[in-house]
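Spelled out from the first residue to the last, the chains are:
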Amino acid sequence: MKQNPILLDEEESDNPLDMLTNLFDVAMVFAVALMVALVAHFNMSEIFSKDDYTIVKNPGSENMEIIMKEGDKISRYTPSENDNPVSGSKGKRVGSAYQLESGEIIYIPE
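The present account deals with the structure reproduced in this document. (Residues numbered from 1 in each chain as written. Predicted model: local features only at pLDDT ≥ 70, side-chain atom pairs only at ≥ 80, totals over all residues. Heavy atoms only, no water.)

### Some words on the overall build of the chain
Thinking step 1. Per the secondary structure count, the chain includes 2 helices and 5 strands.
Thinking step 2. Secondary structure elements in the chain, listed N-terminal to C-terminal, are α-α-β-β-β-β-β.
Thinking step 3. Expressed as a percentage of its 110 residues, the buried residues of the chain come to 8%.
Thinking step 4. Considering only contacts within the chain whose residues lie at least 6 apart along the sequence, 3% involve residues at least 24 apart.
Thinking step 5. Summed over all atoms, the accessible surface of the chain reaches about 10300 Å², with 59% contributed by carbon and sulfur. (Helix = DSSP H or I, 4+ residues; strand = E, 2+ residues; numbered from the N terminus. Buried < 20%, exposed > 50% of the residue type's maximum accessible area, 1.4 Å probe, protein only. Contact = heavy atoms within 4.5 Å. Areas by Shrake-Rupley, 256 points an atom, 1.4 Å probe, with all protein chains shown as cover.)

See below:
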């Protein structure tokens, strides 16, 4: 009995783990799409720009945080982390400063 040589040359994979490679690709596409959606939802597109920026989270509260980007350096300032441990003093907000279009800075105490 002769067997057909074409059928013997076909290599079908019987490995059930082969489909995991396709699932990995789908998971990666989903993860990237989720990250893009989060950036768009929270209006965080300036993080990926070349411009310098400053973000103030929770202004005026005790857990206020200031995030600054200057060039390629991103720094984070949390007032509670930078308290003076020797004197035990803490800072507080005492006013607001505004810069006019002319470059003049106006301080308004609270």
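Past the structure itself, the notes keep going.
### Describing the sheet that holds strand 1 (residues 53-57)
Thinking step 1. Pairing in this open sheet of 3 strands is antiparallel, and the strands run 1-2-3 from one edge to the other. The open sheet has two edge strands with one neighbour each: strand 1 and strand 3 (73-77). Across the sheet, the mean angle from the axis of one strand to that of its neighbour is 15 degrees, orientation sign disregarded.
Thinking step 2. Across 5 bridges, strand 2 (residues 65-70) lies against strand 3 in antiparallel orientation. What sits directly across from Glu 70, in strand 3, is Lys 73. (Pairing = 2+ DSSP bridges. Axes fitted to C-alpha atoms, helices over the stretch in contact; angles between N-to-C directions.)

### Some details on a nonpolar patch on the surface
Thinking step 1. Together, Phe 30, Leu 34, Leu 38, Phe 42 and Met 44 make up an exposed nonpolar region whose accessible area comes to about 510 Å².
Thinking step 2. Mapped onto the elements of the fold, Leu 38 is located in helix 2 (residues 19-41). (Patch = residues over 30% accessible without salt bridge, like charges linked within 9 Å, V, L, I, M, F, W, Y side chains within 5 Å. Salt bridge = Lys/Arg side-chain N within 4 Å of Asp/Glu carboxyl O.)

### As for helix 2
Thinking step 1. The terminal C-alpha atoms of helix 2 lie 33 Å apart, and with 23 residues this matches the ideal 33 Å at 1.5 Å per residue to within 8%.
Thinking step 2. Count one or two residues on from helix 2 and you reach Asn 43, which has phi positive near 50 degrees. (Expected span 1.5 Å × (residues − 1).)

Any functional reading would require information that these geometric values do not contain.
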